[in-house]
Amino acid sequence: MTALGWRDRWMGEANREYHTTPVLELRESAQRLGLVRKYRGVLLPTKVGRILESDPVALWWHVADHLPEARTEAETDAGMLVLLMVGSGTPISTTVLARHLTTGMAALGWRTARTGEPLDEHRAFAAGRSTWTALRRLGALLDDDWGGPPAPATPAGIQLARAAVLRRERRAYRPSSEE
């Protein structure tokens with residue numbers, strides 16, 4: 001918490017991962033990116049993590065290739081919307097993001113299973129939360145408080161979001177042998 005500059009904004013002792021949400025989110029994100037793993041309660045770098053620790057450019061591209069952070073199709077769609085918003089360079093906050101995600105997810109056809117209604121702001125934000133959190137923990141976004149004023153992404157964050165979208169689109173496009 002201290003090394004990353006998060007200690008001053010955190011209440012409590014910050015001596016356990018489950019007491020320090022930023023550290024928990026960073027570790028979970030690093031695991032989803034395939035950079036670290038837990039073994040008998042110890043955090044260890046994966047083979048990929050060891051290779052990339054001495055190559056910051058390759059690490060940057062690895063992160064771009066693994067965004068959006070998603071486990072489901074809804075999280076992928078919401079994560080792509082987050083990346084597009086960040087990549088646009090438009091100042092955003094969590095409340096602005098939630099509003100835009102609600103509109104975007106409705107436009108993409110996402111509905112609640114129980115009622116068939118479009119997702120509310122809470123559910124839409126929850127779908128994009130992993131990508132939003134990953135970008136915040138990477139320093140791509142300013143760490144705002146819920147309801148804070150809109151703030152622009154960092155220049156590096158804008159570049160990362162754009163690269164992630166373009167790399168994802170390139171992987172999604174598979175030309176047929178006839179083209």
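Given the structure is predicted, the values throughout are model-derived calculations rather than measurements. (Residues numbered from 1 in each chain as written. Predicted model: local features only at pLDDT ≥ 70, side-chain atom pairs only at ≥ 80, totals over all residues. Heavy atoms only, no water.)

Visitor: With reference to specific residues and values, describe the packing of helix α1 (residues 21–32) against helix α6 (residues 121–137).
Guide: Two elements in contact, α1 and α6, have axes separated by 10 Å at closest approach and are oriented at 105°. Classified by the angle their axes make, α1 and α6 are roughly perpendicular. Packed against α1, whose contacting residues are Pro22, Glu25, Leu26, Ser29 and Arg32, the element α6 presents Arg129, Ser130, Thr133, Ala134 and Arg137 at the interface. Its residues placed into classes, the contact of α1 with α6 shows three nonpolar, three polar and four charged. (Axes fitted to C-alpha atoms, helices over the stretch in contact; angles between N-to-C directions. Helix = DSSP H or I, 4+ residues; strand = E, 2+ residues; numbered from the N terminus. Parallel < 35°, antiparallel > 145°, perpendicular 65-115°, else oblique. Contact = heavy atoms within 4.5 Å. Nonpolar A, V, L, I, M, F, W, Y, C, P; charged D, E, K, R; others polar.)

Visitor: Give me the lowdown on the packing of helix α4 (residues 73–88) against helix α5 (residues 94–107), citing residues and values where you can.
Guide: Viewed as axis vectors pointing N to C, α4 and α5 meet at an angle of 125°, and their least axial separation amounts to 10 Å. With respect to α5, the element α4 is oriented oblique. The handedness of the crossing between α4 and α5 is right-handed. Each of Ala74, Asp77, Ala78, Leu81, Val82 and Met85 in α4 lies in contact with α5, whose residues at this interface are Leu97, His100, Leu101, Gly104 and Met105. (Left-handed = near helix turned anticlockwise from the far one by under 90°.)

Visitor: Outline the nonpolar core, listing residues and values.
Guide: Of all hydrophobic cores here, the largest spans 36 residues; its most connected members are Leu67, Leu83, Val86, Leu101, Met105 and Leu135. The set of elements that each furnish at least two residues to this core consists of α3 (56–65), α4, α5, α6 and α7 (155–172). Per-element tally for this core: the top contributor is α4, with eight residues. If we ignore the near neighbours within four places in the chain, the residues touching Leu101 are Ala78, Leu81, Val82, Met85, Ala124, Phe125 and Gly128. (Core = buried A, V, L, I, M, F, W, Y, C linked by side-chain atoms within 4.5 Å. Buried < 20%, exposed > 50% of the residue type's maximum accessible area, 1.4 Å probe, protein only.)

Visitor: Tell me about the pattern of salt bridges, and name the residues and values.
Guide: Note on pairing: side chains with opposite charge can pair once their charged atoms come close. Taken as a whole and judged by the stated rule, the model has five salt bridges. For Glu25, the salt bridge goes to Arg137, with nearest N and O atoms at 2.9 Å. Pair noted here: Glu25 is in helix α1 and Arg137 is in helix α6, with a separation of 112 residues, a long-range link. Since its relative accessible area comes to 6%, Glu25 is described here as buried. Arg137 gets classed as buried once you look at its relative accessible area, which sits at 11%. When salt bridges with common partners are traced through the structure, they connect Glu25, Arg129 and Arg137 into a single cluster. (Salt bridge = Lys/Arg side-chain N within 4 Å of Asp/Glu carboxyl O.)

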